[in-house]
Every structure is written in C-alpha cells, then in structure tokens.
Amino acid sequence: MDFTFTEEQQAAAEAARGVFAGAAPDAVPSPALTTGAVADGFDRALWARLAEADLLSLLLGEEHGGSGLDAIALCLVLREAAQVLARVPLLESSAAAAAVQTYGSPEARSALLARAGRGELVLTVAAHGRTGHDPAERAVTARPDGTAWVLDGVQTAVPWAYDADVVVVPAHTGDDRTVLALVRPEQEGVALAEQFSTSGERLGELRLASVRIAEREMVVADGAWEWLRDLLTTGTCALALGLGERVLRMTGEYTGKREQFGHPLATFQAVAMQAADRFIDLRAMEVTLWQAAWRIASGAPGALPAAGDVAVAKIWAAEGVRRVVQTAQHLHGGFGADVEYPLHRYHAWAKHLELSLGPAAAHEEALGDLLAAHPPA
C-alpha cells in the first residue's frame with residue numbers, strides 16, 4: 001500500500017486550491033440569522049470556474065472529456081472545497097456521473113457524461129431514504145412495466161434537488177434487487193418539498209408517484225448502488241477532514257494571538273493539550289479516509305470488503321469532526337458563537353456532515369455486521 005499521491009492527483013489538488021482561493025465561507029447570509037435557505041441555489045460562478053479547471057470531470061474517461069482520475073483525486077479536491085465551505089454539488093454530481101460511467105447504459109453515458117463534465121448538467125443523488133435513518137434503497141419501489149420502469153416512494157433530504165437536472169434514485173425491486181433510476185425533476189409524477197439543512201442549504205424531499213422511467217435511464221447492474229454509496233460516504237469523509245483542518249488552523253491562529261494574564265492562550269498547557277487531541281483526531285480521519293479511497297480506487301482485496309474501510313473512515317469522520325468543532329468553539333470563547341465570525345458556519349456544516357449518510361453509530365453497526373460475515377481465517 002502506497003499513500004504517495006501521483007503527480008496527476010497532486011495537480012488536481014493544486015488546481016482546486018487555486019479555484020477555491022477566491023471563495024469566501026461567509027458569501028451567503030448566516031444560517032443562524034436566516035429563516036429558510038441561505039440562498040436559492042448553489043454558487044454558479046464557482047461551479048463555472050471548477051468546470052474551466054476541468055475539476056468537474058475528474059472521474060470521467062477521456063472519451064467523455066474527462067481526466068480519468070480516481071476517488072483519491074476527487075477526495076483531494078473535496079478536502080480543499082470544505083476548507084472554504086464551497087457551496088457546490090461537487091461530490092454528488094461527480095459521484096453520480098462516475099456511477100453512470102461505470103454501470104449505466106451507453107445511451108445514458110452519451111446523454112449525460114460530457115455535459116456533466118463541462119458543468120452544463122448537474123446531477124445529484126437521493127441517498128438518505130425516507131427518514132434519513134433507513135436504507136435509501138428501501139424507500140422507493142421499482143417495477144418493470146413493458147419497456148419502462150415505474151417508481152413509487154419518498155426520499156428525504158436530497159442535496160441540491162432544486163438545482164439538479166438529474167437525480168439518481170436507488171430503489172428496490174420485487175425480487176429484492178437494488179436498481180438506480182435517473183429521474184428528472186420535471187417528469188410527471190415527481191414532486192419536491194422544501195427542507196433545510198443545519199448549514200442553511202435548501203434540500204428537497206423527493207416524492208415519486210407512478211413515475212415512468214425508460215429502460216435506458218435505469219441502472220440495473222449488480223453492485224452499482226453499493227459502489228455509489230461507498231464513494232459518496234468516502235467523499236463526505238474528505239469534506240469532514242478539510243473542514244476540520246481549517247477549523248483547527250483557525251483555532252491555532254486565534255489562541256496564538258488572544259492573551260490572558262499577559263500570555264497567549266496557546267501557551268497554556270490545557271489549551272495545548274486539547275488542540276493536540278484534535279490534531280490526533282484529524283490524523284486518524286486522514287489515514288482512514290485514504291485507506292477507504294484507495295480501496296475504492298484500486299479495487300484491491302482485503303480482509304473485509306471495501307465497505308468495511310468506508311465504515312471505519314466514516315466513524316472517525318463523524319466523531320472526529322464533531323470533537324474538532326466543539327473544542328474550537330470552547331477555545332474561541334464567545335467568538336465561537338459570534339455570527340460575524342465564520343466559526344459558527346463551520347460548526348453548522350460539521351453537524352450536517354457528521355450525520356450525512358449515517359452517524360458513527362450506524363457505521364459501527366454496519367462494521368459489526370461485516371466482521372460477523374467475514375470472520376478472520
């Protein structure tokens with residue numbers, strides 16, 4: 001196992017740093033002061049810059065105008081995005097496009113991928129199920145009907161649902177298989193209801209009532225949803241890592257300047273020990289993230305399926321990012337809750353990331369199931 005990043009992966013991260021250098025975490029109203037969403041949609045100007053830098057097509061093959069890179073490169077870019085709280089569907093659109101490329105029909109690949117890579121088409125994924133606590137694939141039913149499929153059900157908290165051109169929806173069939181449907185929000189039988197995240201972003205409850213999906217818009221290959229879910233979860237871990245690193249850096253800068261009893265706060269042993277504990281959290285988040293991303297990118301075998309490494313990464317990301325922002329709030333004192341200071345925004349985003357795609361407890365249970373199903377030889 002070699003965690004040294006390739007030149008191409010490092011170039012993607014460098015390009016991302018250049019694009020995100022102009023993004024400000026306080027570019028929209030504070031969620032603490034806003035009733036409803038902080039903005040109607042995502043940052044389209046930033047989205048255009050990402051497209052110009054070829055960062056929306058990282059995972060796509062050259063035949064679709066992409067760079068042909070892997071999950072590690074995407075996670076490096078997401079890590080940079082989270083440091084400035086970039087309001088773009090980079091994870092969802094990239095992961096959905098990669099799933100279509102790997103498992104979708106030739107017609108779907110031709111219709112979606114090149115346009116998605118150029119930023120002309122926005123994709124998202126309905127990955128939270130009916131309540132946010134149940135498996136996403138159990139929330140919607142799919143049944144074949146002639147040359148089409150019919151979908152019924154509800155998916156909650158769909159990110160960027162009001163901005164997306166296509167929503168990838170997992171569903172279960174009568175013979176207990178999981179399929180993916182490429183649903184367009186304007187289709188007959190599709191309805192959206194507004195929801196809001198802790199970060200103030202507008203989500204959508206997706207309601208499907210006898211929605212007909214053409215066969216070419218269905219992904220029926222075995223393992224497609226599991227692969228997509230693992231990629232989404234690992235990308236969420238990358239966002240948590242980037243956010244946590246930025247928050248700890250903000251805390252170091254603040255405690256290095258703020259004085260009490262004539263000395264900087266950072267020189268006090270209790271402060272230094274708390275910051276050191278959070279640094280350890282971040283390093284654990286980092287190593288488990290790259291292990292999961294490497295398993296997805298390489299397809300390498302292991303004692304457990306790749307889902308096991310993804311679960312470990314999400315456990316550390318969920319618990320670690322929560323501890324980092326809580327310690328930062330504590331060490332900032334009153335400034336941590338000041339709506340004119342950006343830390344409270346990072347705290348709100350961290351809570352959203354902690355719970356996205358399952359809190360730590362849910363992944364601990366999934367890991368336990370995997371260990372029971374794959375006992376050591």
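How each quantity is defined
Residues numbered from 1 in each chain as written. Predicted model: local features only at pLDDT ≥ 70, side-chain atom pairs only at ≥ 80, totals over all residues. Heavy atoms only, no water. Helix = DSSP H or I, 4+ residues; strand = E, 2+ residues; numbered from the N terminus. Rg over C-alpha atoms; globule rule 2.2 N^0.38 Å. Buried < 20%, exposed > 50% of the residue type's maximum accessible area, 1.4 Å probe, protein only. Phe/Tyr/Trp six-rings, centres within 6.5 Å; stacked < 30°, edge-to-face > 60°. Lys NZ or Arg CZ within 6 Å of the ring centre and 35° of its normal. Pairing = 2+ DSSP bridges. Expected span 1.5 Å × (residues − 1). Core = buried A, V, L, I, M, F, W, Y, C linked by side-chain atoms within 4.5 Å. Contact = heavy atoms within 4.5 Å. Salt bridge = Lys/Arg side-chain N within 4 Å of Asp/Glu carboxyl O. Axes fitted to C-alpha atoms, helices over the stretch in contact; angles between N-to-C directions. Parallel < 35°, antiparallel > 145°, perpendicular 65-115°, else oblique. Left-handed = near helix turned anticlockwise from the far one by under 90°. Polar contact = N/O pair within 3.5 Å; in protein donor to acceptor, adjacent residues only side chain to side chain.

Caption draft 1: Spatial organisation of the overall build of the chain. Scanning the chain for helices and strands turns up 10 helices and 10 strands. A compact globule built from 377 residues should have a C-alpha radius of gyration of about 21 Å, and the chain, at 21 Å, falls within 12% of that. The principal-axis extents of the C-alpha atoms in the chain amount to approximately 80 × 55 × 40 Å. When the 377 residues of the chain are sorted by exposure, 55% land in the buried category.

Caption draft 2: Broad picture of the packing of aromatic side chains. Following the criterion strictly, the structure yields 6 aromatic pairs and no others. When the centroid spacing of 6.1 Å and the interplanar angle of 65° are considered together, the rings of F335 and Y341 count as edge-to-face. Cluster of aromatic residues (ring-pair linked, three or more members): F42, W47 and W160. The ring of Y162 has R202 sitting right over it, with the charged end atom 4.0 Å from the ring centre. Directly above the ring of F279 sits R283, whose terminal nitrogen or CZ lies 4.8 Å from the centroid.

Caption draft 3: Just the pairing of strand β2 (residues 140-145), in detail. Bridge analysis of β2 against strand β3 (residues 148-159) gives 6 bridges, and the strand direction is antiparallel. Paired with A142 across the strands is L151, a residue of β3. Counting the residues that bridge the hairpin from β2 to β3 gives 2 residues, and of these G146 lies at a positive phi of roughly 70°.

Caption draft 4: Representation of helix α4 (residues 90-103) within the structure. Helix length check: α4 (14 residues) gives 20 Å between terminal C-alpha atoms against 20 Å at 1.5 Å per residue, within 8%. Along α4, the residues classified as buried are L90, L91, E92, S93, S94, A95, A96, A97, A98, A99, V100 and Q101.

Caption draft 5: Up close: the nonpolar core. Membership of the largest hydrophobic core comes to 108 residues, with the highest contact counts inside it found for F20, L50, L151, L208, L228 and L243. Top contributing element to this core by residue count: helix α6 (residues 224-257), with 14 residues. What L50 contacts, discounting residues up to four positions off in sequence, is V19, F20, L55, L56 and V88. In this structure, A311, I315, A318 and L367 belong to the second largest nonpolar core, which totals 7 residues.

Caption draft 6: Representation of the pattern of salt bridges. Scanning the model with the defined rule gives 23 salt bridges in all. For R283, the salt bridge goes to E245, with nearest N and O atoms at 3.2 Å. Taken together, the residues R283 in helix α7 (residues 269-298) and E245 in helix α6 connect sequence positions 38 residues apart. Overall, E245 belongs to the buried group, its relative accessible area being 13%. Two residues, E354 and K351, come together in a salt bridge whose shortest N-O distance is 2.8 Å. With E354 and K351 both in helix α9 (residues 343-355), this residue pair falls 3 residues apart, about one helical turn. Taken together, the salt bridges that share partners define one network made up of R79, E245, R283 and E286.

Caption draft 7: Focus on the packing of α4 against helix α5 (residues 106-117). At their nearest, the axes of α4 and α5 sit 9 Å apart, and the two run at 150° to each other. Between α4 and α5, the angle is such that the two are roughly antiparallel. As α4 runs across α5, the sense of the crossing is left-handed. In contact with A97, V100 and Q101 of α4, α5 contributes A108, R109, L112 and L113.

Caption draft 8: Just α7, in detail. In this model, α7 (30 residues) spans 43 Å end to end at C-alpha, consistent with the 44 Å of a helix rising 1.5 Å per residue. Looking at the residues trailing α7, positive phi occurs at G299, about 70°.

Caption draft 9: Summary view of the pairing of strand β6 (residues 190-196). As paired strands, β6 and strand β7 (residues 202-214) are joined by 7 bridges and run antiparallel to one another. What sits directly across from L192, in β7, is L206. Between β6 and β7, which pair antiparallel one after the other, the connecting turn spans 5 residues, and G200 there sits at a positive phi close to 90°.

Caption draft 10: Region of the structure containing the environment of R184. Relative to the helices and strands, R184 resides in the loop between β5 (178-183) and β6. With 29 residues separating them in the primary sequence, R184 and I213 have C-alpha atoms 9.3 Å apart. Here the side chain of R184 touches E217 through a polar contact of 3.0 Å, side chain to side chain.

Caption draft 11: Region of interest: the environment of A293. With respect to the helices and strands, A293 occurs in helix α7. Taking the relative accessible area as the measure of exposure, A293 reaches 0% and is therefore buried. It is 21 Å that separates the C-alpha atoms of A293 and A86, two residues lying 207 residues apart in sequence. Aside from chain neighbours lying at most four places away, what touches A293 is A71, I72, C75 and T234.

Caption draft 12: Broad picture of the side chain of S93. Relative to the helices and strands, S93 resides in helix α4. When its relative accessible area of 5% is taken as the criterion, S93 is described as buried.

Caption draft 13: Spatial organisation of the environment of A171. Turning to its location among the elements, A171 is positioned in strand β4 (residues 166-172). On the accessibility criterion, A171 (1% relative accessible area) is buried. In contact with A171, other than residues within four places in its own chain, are E137, V140, T141, A142, R177, T178 and V179.

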